[in-house]
Amino acid sequence: MKFSPEVADAIKDKKAVVALESTVIAHGLPYPKNLETAFALEKRVRDGGAIPATIAVFGGEFCVGLNEAQIKRLATDQNIRKISRRDLPIALARKLNCATTVATTAFIAHAAGIKVFATGGIGGVHRGFDWDVSADLPELAQTPITVVCSGAKIVLDLPATREWLETHGVSVLGWQCHELPAFYSRTSGLTIDERVETASEVAAIIRARDDLKLPNAILLTVPVPPEFEIESAELEKILADALKLAAEQNIRGKEITPFLLGQMSERSAGKTLAANIALLENNAKIAANIAVSLTNP
Ligand code: PSU
Ligand code: MN
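Residues numbered from 1 in each chain as written. Chains lettered and ligands numbered in written order. Predicted model: local features only at pLDDT ≥ 70, side-chain atom pairs only at ≥ 80, totals over all residues. Heavy atoms only, no water.

Enquirer: Before we move on, could you go through the site of ligand 1 and cite the residues and values that matter?
Expert: In the vicinity of ligand 1, 16 residues are found, and the nearest of them are Glu21, Val102, Ser134, Asp136 and Lys153. Note that an oxygen atom of ligand 1 is positioned 3.5 Å from one of the side-chain N or O atoms of His126. Asp136 is positioned with one of its side-chain polar atoms (N or O) 2.7 Å from an oxygen atom of ligand 1. Expressed as a share of its isolated accessible area of 480 Å², the protein-covered part of ligand 1 is 95%. Contributions of two or more residues to the shell around ligand 1 are made by helix H2 (23–28) and helix H11 (256–267). The element best represented in the shell around ligand 1 is H2, accounting for three residues. Among the residues making up the shell around ligand 1, the classes are represented as four nonpolar, eight polar and four charged. (Near = heavy atom within 4 Å. Polar contact = N/O pair within 3.5 Å; in protein donor to acceptor, adjacent residues only side chain to side chain. Areas by Shrake-Rupley, 256 points an atom, 1.4 Å probe, with all protein chains shown as cover. Helix = DSSP H or I, 4+ residues; strand = E, 2+ residues; numbered from the N terminus. Nonpolar A, V, L, I, M, F, W, Y, C, P; charged D, E, K, R; others polar.)

Enquirer: Residue-level account of the pairing of strand E3 (residues 51–58), with values.
Expert: The side chains of a regular strand alternate between both faces of the sheet. Among the eight residues that make up E3, eight are buried, leaving the element largely enclosed by the rest of the structure. Bridging between strand E2 (residues 17–20) and E3 involves four bridges; their strand directions are parallel. Residue pairing in the sheet places Val17 in a bridge with Ile51 of E3. The pairing of E3 with strand E4 (residues 61–64) spans four bridges and is antiparallel. Looking at E4, one finds that Phe58 is bridged to Glu61. (Buried < 20%, exposed > 50% of the residue type's maximum accessible area, 1.4 Å probe, protein only. Pairing = 2+ DSSP bridges.)

Enquirer: Describe the pairing of E2, listing the residues and the values that go with them.
Expert: Going residue by residue along E2, you find Val17 and Ala19 tucked away on one face and Val18 and Leu20 tucked away on the opposite face as well. Taken together, the three bridges between E2 and strand E7 (residues 116–118) define a ladder with parallel strand orientation. Its bridge partner being in E7, Ala19 is matched across the sheet by Phe117.

Enquirer: Outline the packing of aromatic side chains, listing residues and values.
Expert: If you walk through the whole model with that rule in mind, you get one aromatic pair. Ring centres of Phe183 and Tyr184 lie 4.7 Å apart, and the angle between their planes is 45°; this geometry places the pair in the tilted category. For the pair Phe183 and Tyr184, one class covers both residues: buried. (Phe/Tyr/Trp six-rings, centres within 6.5 Å; stacked < 30°, edge-to-face > 60°.)

Enquirer: Tell me about the nonpolar core, residues and numbers included.
Expert: One finds Ile154 and Leu220 to be the most contacted residues of the largest nonpolar core, which totals 104 residues. Beyond its immediate sequence surroundings of up to four residues, Ile154 is in contact with Arg127, Ala182, Phe183, Tyr184, Leu235, Leu239 and Met264. (Core = buried A, V, L, I, M, F, W, Y, C linked by side-chain atoms within 4.5 Å. Contact = heavy atoms within 4.5 Å.)

Below is the structure:
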């Protein structure tokens, strides 16, 4: 593991740190928005009083906290591999350059001693009975970190994803909301386990999880800011077309999520892209508040 000097100091001094993922930069958003967003997320974390630790793999080294050149490389290099848990030993042994998903960012962040991680949407159970279940889910079941997100990406089977989290003991909190957010929309008709209003309430639940020595993550779900919300009825048509095209082109495995997100952005004239960036920034800010709250008991 390789720490940036700033992140190494912050961890040593027990300062608030927020981990950020890199797949969203390399594969989730188009250039140059991806680059702008990567820097904007770090700024949001700093404005919230915490140190950002964007995570990626370069030359097989697990990097915690990146410099500007590394972030630029993630945003522009076409040969960055999207890695999930199964790819970790391969990335290490073969000295690969990789972007980390929620699963691998959570794995590396936890190993580094970071307690809070912000992202857009987690992976989950895909629609249709094709056994495609993101490795993000089992990672959340076995990594005691807190992930701040806007639920699972709308392209997924949200009821099945919600059930999976329940079965595997992942506590799902709703940030000032009483329903599970659905990524681009603020509502899904699905339940959360508890509504929370403040960062200190979340910190208390995190401490209780640790006192109980529970091995699983806590998922803090935050609805997209209202001015960027896209109603689910409007989304369903766009998504149906994107899913149909993916089936026709036989897109599978790790390509499916970036493909669907890209298609939806095109078909919504960039509205989904704007929503995605807005929710990422908002989640980074809230994650910083929680990381700060964890440092003052
Ligand atoms: N959230 C976004 N955009 C993304 C992702 C999340 O707003 O691109 C990425 C995350 O890194 C997540 C991954 O872990 O998509 C899930 O991919 P898969 O379904 O292949 O496991
Ligand atoms: Mn998959």
